[in-house]
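Results of the structural survey
Residue strings, one per chain:
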Amino acid sequence: MSAVLEVLGLQKHFGRVAAVREVSFSVQAGELVGLVGPNGAGKSTTIQLISGQLQADAGTVRVGGVDVAADPNGARARVGYVPEEPKLYDYLTAREMLAFVAEIRGVGQGHVDEALELCGLGADADRLIREYSQGMRRRAALGCAMIARPPLLLLDESLNGLDPPSAERTLRGLRAACDNGAGVILSTHVLDTLERVADRIVMISAGRVVADVPASGLGELRRRFSEPSV
Amino acid sequence: MGLRDNPYHQAKVRQRRRAGGAWAGLLPVLAAGAAAPLAEPVLFDFIDAGAISAGVEGLALRGGGLVVAALSLHTYADLVRGPDRAVLDPHPVQARPLLWAIAWSTARDRLYLPIGLAVLAAPLLLAGHHVAWLGLVGVLLGAYAAGLGVGFAVHLGAIWVGRSASLARLLDLLRGDNPRMQAALIYAPGAALVVAGLAVTLGAAGLRGALDGRPAGWAWALSPAVLGIAGFALALPLAERFYVRATALLTEVDGQVDHRIAAEGARGAAGASPEPVYLEWTAGGRREHLRALRQAWRSHRAWAFAAWLLGLSTLLAVWSDEVDVTARIFAVAGGGGLLMAALPLRLAEGDPPWLDRALGLRPGAVAAGRALTAVGYAQGVVLPGLLGALRHPAREVLPALIGVEVAIFIGSCSAAALAGRLPKRAAWLYGGLAVVAWAWIGGGFWARLIGIGGAG
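Residues numbered from 1 in each chain as written. Chains lettered and ligands numbered in written order. Predicted model: local features only at pLDDT ≥ 70, side-chain atom pairs only at ≥ 80, totals over all residues. Heavy atoms only, no water.

This part takes up the overall build of chain B. Counting secondary structure elements, chain B contains 22 helices and zero strands. For 456 residues, the compact-globule estimate of 2.2 N^0.38 gives 23 Å, and chain B sits close to it at 23 Å. With the C-alpha coordinates aligned to their principal axes, the bounding extent of chain B is approximately 65 × 60 × 45 Å. Expressed as a percentage of the 456 residues in chain B, the buried residues total 50%. Partitioning the contacts of chain B with sequence separation of at least 6, the portion at a separation of at least 24 is 79%. About 20,900 Å² of surface is accessible on chain B, with carbon and sulfur atoms providing 66% of the total. (Helix = DSSP H or I, 4+ residues; strand = E, 2+ residues; numbered from the N terminus. Rg over C-alpha atoms; globule rule 2.2 N^0.38 Å. Buried < 20%, exposed > 50% of the residue type's maximum accessible area, 1.4 Å probe, protein only. Contact = heavy atoms within 4.5 Å. Areas by Shrake-Rupley, 256 points an atom, 1.4 Å probe, with all protein chains shown as cover.)

Set out below in C-alpha cells:
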C-alpha cells in the first residue's frame, strides 16, 4: 500500500490558542481512517488544513504526493471533501450540480448517474437542491465529492443528519471507494459506526493525536478516554 | 473557452433564470427617471448658464466616481466573499473561466449604475446637447469598465498582499483591531477607488476638452475604459495564482474573528463587561439598540469610517465659495446620509425571519434599534457640515443640515421597516426610494419649503 495522505508536524494557532499541535499521521490507499475526538478537539481544523481550506503555521500535508501549501489547486483535484455544512448551488437540481462538478473536475458525464445512485438521490435527482432536507444536501455533497473518484476522501461529520438507511448506504459507498484504492478520513463522534467500517482510528484531543490504533483497539480507546462526548 | 462553454457561467445563468427577480435592476433606472426632473435645479443649472462643458465634466466626475465606488465594493463582494467560493471550495478551480463568469455576472447585475445615471442626465439630452450627453454616457460606461477591471485586479492583488511576509509589518501598522491578513482586504476597495477614480478624473477632463473643441480630449475620455480592460487583463493571471489561495486567507481571518468573539463571550460569561463599541452610550437601556450597535461595529465597522469620509466631502462642500451653500449641503450630505441610512438593510441581512421571535425580541424594537444605529452612524456625514456655519450664515447652513437630518431619520426608519417586512426586495426598494428622495431634497424642495438658499 502507498500513502495517499501524509501529515507531518502540523500546527495551527488562532491567536494564543493552539488549535492543532504537532499532528502527524498518514492514510494508505484503500484505508478508512476514523478521526475522532471530543468537540473542540481540533478535528475540523485538521480536516481544513488537509483540504487546504486553511494554511498551517508549521508542518506539511501531502495528498498523493502534492504539497497542499505549494499547490492548493492541484491538491484539491486529489481530494473529495465534504465539509460539516456543505454548500451547493440551491437553484440547480442534484443532477445538474453533479454534472457541473463532473465538468469542472474533468470527468465524463457518465459518472453522474453512478454518483446519483451512490448517494441515493436517484428519485430526487431532478428536484432543486433548495427543496432538499439537510440530509439530502449532505448526500448530494457526498456525490459531488466522490464523482471523480479522487484518491482521498475527507468527510467532516458527514454522517450527521442522515437517516439510518442513508448512513448505511454512505458507509457502503465509502467502503467501495476504499476497495477501489481510495483513502478515506471520516471525522465523527459516533464510534459505533466506525467500529464496523474503519481500519484505523486516530483520536485527537486538545489539538494533539492521543491515539493512532487499529479499529480493533476501539474498545480499549473507549475505556481509556471514557467516551469523551464520543 | 467562450461563455457558452464556460461551466461556471452556465451554472450561473441557470440559477439566475430560476431565482427570479430579473426586474429588480429596472427599479433604480425607473427611480433615476423619476428623479431626473426633481434633481434638475441642482444638477443641471449649468445648462441655463451655458457652461455645458464644465457642467458635463462635473457630472462625469461625480457620476463616474459613484460608479467606481460602488463597483470597488461589489467586485469584492462577488469575487472574494461571493457565494461561489463556498460551493467551489471543495473542488479544483479553473480560475480564468471562473473569473469571466463572475465578471459577467457582476457586470450584468450592476449595469443599472451607468444606465441609471444616463437616465438621470436626460435633461441634458432633452435640452438638445446630444454630443455632450453621449460623451457623458461614454465616460460613465468607461467608469463602469474601470470599476470592474480595476476592482477585480486590486482585490486579487490584495490576497497576495495579505499573505506576504515582507508586507506583514506594514499591515500591522494599518490593521487596527483586525486580524493582519484582513487589513489588505479592508483597504483594497479604497485602493481600487483611487486608481479607477484617477482614470475617471482624466476621462471627465478629457470630455470637457473635447466639448470645448480639442479633439485629443476624446482620447483622454476613453482612459477609464482602457484602464478597465487593462485591469481585467491583469486580473486573469492574478486569479490563477490567488483565487484558490484566498480561501485559506479568509478562513484564517474568520477563524481569528470567531476566536475573538468567543473570547469576548467567555469574558461576558465570567462577569466582565464586553468591550464597548462605537456609539454604545447612545443605546441607554435598550437592548435591541445595543445589539444593533454591536452588530454594526463588529460586522460593518467600515460604515462608520465611510460616514466620516463622506463627512469630509460635506465639509469641503460647505467650506467652498459656492454661492448656494444649501444646495451643496442637500446634494452632498443628503446623498451621503441616505447612503448611511441603508445600514439597517445590512444589519438584517441573513437573519432568518423567525430569529427575532425565537429570541423573544419585538420586531418593532428591533427595527427601531437598527434605525437608530443608522442615524448614529450617519452623523459622521452631517456633523462636519456644522463647521460651514463659521464661513456662511448660520441661517442657511443650520436649516439645511436639519433638513438632511430629517431625511436621514426617515430613510433609516424606512430601511429598517423594509428590511423587516420585505427582506428580499428591501435593498432595491430602498435604493429606488432613496434616489428619488435625494433628488427631491437636493433639487431644492426642502429649501423652498423652509425658504432658504437659492436652489429654488
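Moving on to the sheet that holds strand β7 (residues 152-156) of chain A. All names here are of chain A. The strand order across the open sheet formed by six strands is β6-β7-β8-β3-β9-β10, and the pairing between neighbours is mixed. Unpaired on one side and paired on the other, β6 (79-82) and β10 (208-214) mark the two borders of the sheet. Each strand of the sheet is rotated relative to its neighbour by a mean of 15°, with strand direction disregarded. The sheet contact formed by strand β3 (residues 32-36) and strand β8 (residues 183-187) spans four bridges and is parallel. Each residue of the ladder has a partner; that of L32, found in β8, is V184. Relative to the sheet, helix α1 (residues 43-51) contacts β3, β6, β7, β8 and β9 (200-205), its axis offset from that of β7 by approximately 150°. Where helix α5 (residues 134-146) meets the sheet, it contacts β6 and β7, and its direction lies at approximately 170° from that of β6. (Pairing = 2+ DSSP bridges. Axes fitted to C-alpha atoms, helices over the stretch in contact; angles between N-to-C directions.)

Once that is clear, we can look at the side chain of Q53(A). Checked against the element boundaries, Q53(A) lands in the loop between α1 and β4 (58-63). A polar atom in the side chain of Q53(A) sits 3.2 Å from the backbone oxygen of D89(B). Setting aside residues up to four positions removed in sequence, Q53(A) forms contacts with Q48(A), Y81(A), D89(B), T247(B), A248(B) and T251(B). (Polar contact = N/O pair within 3.5 Å; in protein donor to acceptor, adjacent residues only side chain to side chain.)

Right, let's talk about the interface of chain B and chain A for a bit. With 28 residues of chain B at the contact, the number on the chain A side is 34 residues. For chain B, the biggest contributors to the area lost against chain A are R18(B), H91(B) and P92(B); these three give 20% of the whole. Joining chain B to chain A, the criterion identifies four salt bridges. Between E96(A) and R18(B) there is a salt bridge whose closest N-O contact spans 2.6 Å. The interface formed by chain B and chain A contains 17 residue pairs in polar contact (both at pLDDT 80 or more). (Buried area = accessible area lost by both parts, 1.4 Å probe. Salt bridge = Lys/Arg side-chain N within 4 Å of Asp/Glu carboxyl O.)

With that out of the way, let us pick up the packing of helix α16 (residues 325-340) of chain B against helix α19 (residues 363-382) of chain B. Residue and element names in this part refer to chain B. One way to put it is that α16 packs onto α19 with a least axis distance of 8 Å and a crossing angle of 150°. Viewed along their axes, α16 and α19 adopt a mutual orientation that is roughly antiparallel. The two elements α16 and α19 meet at a crossing, and its hand is right-handed. Mapping the contact onto sequence places A333, G336, G337 and M340 in α16 and A374, A378 and V381 in α19. Class assignment for the residues of the contact of α16 with α19 results in five nonpolar, two polar and no charged. (Parallel < 35°, antiparallel > 145°, perpendicular 65-115°, else oblique. Left-handed = near helix turned anticlockwise from the far one by under 90°. Nonpolar A, V, L, I, M, F, W, Y, C, P; charged D, E, K, R; others polar.)

To continue, consider the pairing of β3(A). Residue and element names in this part refer to chain A. Counting buried positions over the five residues of β3 gives five, a clear majority of the element. Burial of the side chains of β3 extends over both faces: L32, G34 and V36 are buried on one face and V33 and L35 on the other. Judged from the four bridges that link them, β3 and β9 form a sheet pairing that is parallel. Bridge pairing links L35 to V202 in β9.

All right, on to the sheet that holds β4(A) then. All names here are of chain A. Strand order in the open sheet made by the four strands is β2-β1-β4-β5, with antiparallel pairing throughout. Only two strands of the sheet have a single neighbouring strand rather than two, namely β2 (17-28) and β5 (66-67). In this sheet, β4 lies alongside strand β1 (residues 3-14) in antiparallel orientation, the contact comprising five bridges. Bridge pairing in β4 places Q11 opposite A58.

A word on the domain arrangement of chain B. All names here are of chain B. By domain assignment, chain B separates into domain 1 (51-275) and domain 2 (286-456). Placing a centre on the C-alpha atoms of domain 1 and another on those of domain 2 gives a separation of 23 Å. In this assembly, nine residues from domain 1 lie in contact with six residues from domain 2. For the domain 1 and domain 2 pair, buried surface summed over both sides reaches about 510 Å², with 53% attributable to carbon and sulfur atoms. For the pair domain 1 and domain 2, the interface holds zero residue pairs in polar contact (both at pLDDT 80 or more). When its residues are assigned to classes, the side of domain 1 that touches domain 2 shows three nonpolar, one polar and five charged. (Domains from an automatic or database assignment.)

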